[in-house]
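Understanding the architecture of this molecule
Listed below are the residues making up each chain.
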Amino acid sequence: AQSVTQLGSHVSVSEGALVLLRCNYSSSVPPYLFWYVQYPNQGLQLLLKYTTGATLVKGINGFEAEFKKSETSFHLTKPSAHMSDAAEYFCAVSASYGNNRLAFGKGNQVVVIP
Amino acid sequence: NAGVTQTPKFQVLKTGQSMTLQCAQDMNHEYMSWYRQDPGMGLRLIHYSVGAGITDQGEVPNGYNVSRSTTEDFPLRLLSAAPSQTSVYFCASSPTGQVGNTEAFFGQGTRLTVV
């Protein structure tokens, strides 16, 4: 079975500072990895995903993540936080074959301080 | 582009009442699923379906039933609501069998309160 761990439920970052959200996964088969963002009172939308190929993945709104198999990690970064980045962020993993069950982390609530 | 549509958006139930949360998608996706979101718990899978006529249990299936008679619709039924089922419910769909294309598309959610 697949699972992900996100540490630190609330993350505060100053406007203009680096955003770093950590995600570590566990998977018995090659994983697909995802970051989703949820704005207040909305559903989840995909930020970026890793399936195969390039390990540095670029997503929307200036976010990127790097797949590191040796560290079983898929950390999300953005060089400069913007007020509009305030949201909840979820890391998720699914198996690269078999069913499409997504396992989500508990999420990081990001607060951007002006 | 409708995508995944959930109804209702808000619902208050009394303990013991039953109701159905509706979910419809217009992307011809084979795979559909229901999650509940609770503070500090992330999203937990309730039930999922890999195609019409096929459903299976997820991580937290107790108290919920599902059926999948068509590709488009995947309703979630609460037979006897309990306060522990107070949550935000999300329906999601994704293509199946397409390597590298397992993005899930989410509805806007149904906020359910059981009193």
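This text goes with the structure placed above it.
Residues numbered from 1 in each chain as written. Chains lettered and ligands numbered in written order. Predicted model: local features only at pLDDT ≥ 70, side-chain atom pairs only at ≥ 80, totals over all residues. Heavy atoms only, no water.

A short note on the pattern of salt bridges
As a working rule, side chains carrying opposite charge can pair if their charged atoms are close by. For the structure shown, the criterion picks out 4 salt bridges over all chains. A salt bridge links glutamate 64 of chain A to lysine 58 of chain A; the shortest N-O distance between them is 2.8 Å. Glutamate 64 of chain A gets classed as partly exposed once you look at its relative accessible area, which sits at 22%. On the basis of relative accessible area, lysine 58 of chain A is assigned to the exposed category, the value being 62%. If you follow the salt bridges from partner to partner, you end up with Arg36, Asp38 and Arg44 of chain B in one network. (Salt bridge = Lys/Arg side-chain N within 4 Å of Asp/Glu carboxyl O. Buried < 20%, exposed > 50% of the residue type's maximum accessible area, 1.4 Å probe, protein only.)

Focus on the interface of chain B and chain A
When the parts of a complex come together, some accessible area is lost, and that lost area is often used as the size of the interface. Each partner contributes residues to the interface: chain B has 26 residues there, and chain A has 21 residues. For the pair chain B and chain A, the summed buried surface comes to about 1,800 Å²; carbon and sulfur atoms form 52% of the total. Counting across the chain B and chain A interface gives 0 salt bridges. Breaking the side of chain B that touches chain A down by element, the ones donating at least two residues are strand 4 (31-38), strand 5 (42-51) and strand 9 (87-94) of chain B. The leading source of residues in the side of chain B that touches chain A is strand 5 of chain B, at 4 residues. (Contact = heavy atoms within 4.5 Å. Buried area = accessible area lost by both parts, 1.4 Å probe. Helix = DSSP H or I, 4+ residues; strand = E, 2+ residues; numbered from the N terminus.)

Regarding the nonpolar core
Core analysis: the biggest nonpolar cluster contains 27 residues, and Trp35, Leu47, Leu48, Phe74, Leu76 and Tyr89 of chain A have the highest contact counts within it. Secondary structure elements with two or more residues in this core: strand 3 (19-21), strand 5 (31-38), strand 6 (44-50), strand 8 (64-68), strand 9 (73-78), strand 10 (87-95) and strand 12 (108-113) of chain A. At 4 residues, strand 10 of chain A tops the list of elements feeding residues into this core. When near neighbours in sequence (up to four residues on either side) are disregarded, tyrosine 89 of chain A contacts Gln6, Leu21, Trp35, Tyr36, Val37, Leu47, Phe63, Leu76, Gly107, Asn108 and Val110 of chain A. Counting residues in hydrophobic clusters, the runner-up holds 19 residues, among them Tyr36 and Phe104 of chain A together with Val88 and Phe106 of chain B. (Core = buried A, V, L, I, M, F, W, Y, C linked by side-chain atoms within 4.5 Å.)

Description of the packing of aromatic side chains
Overall, the coordinates contain 13 aromatic pairs over all chains when judged by the stated rule. When the ring of tyrosine 36 of chain A is compared with that of phenylalanine 106 of chain B, the centres are 5.5 Å apart and the planes differ by 80°; the resulting orientation is edge-to-face. With one member in each of two chains, tyrosine 36 of chain A in strand 5 and phenylalanine 106 of chain B in strand 10 (residues 105-106) form a pair that bridges those chains. Judged by its relative accessible area of 0%, tyrosine 36 of chain A falls in the buried class. One aromatic cluster is present, built from ring pairs that chain together Phe34, Tyr36, Phe90 and Phe104 of chain A together with Tyr35, Phe90 and Phe106 of chain B. In this structure, arginine 68 of chain B packs its charged tip against the face of phenylalanine 74 of chain B, placed 5.9 Å from the ring centre. (Phe/Tyr/Trp six-rings, centres within 6.5 Å; stacked < 30°, edge-to-face > 60°. Lys NZ or Arg CZ within 6 Å of the ring centre and 35° of its normal.)

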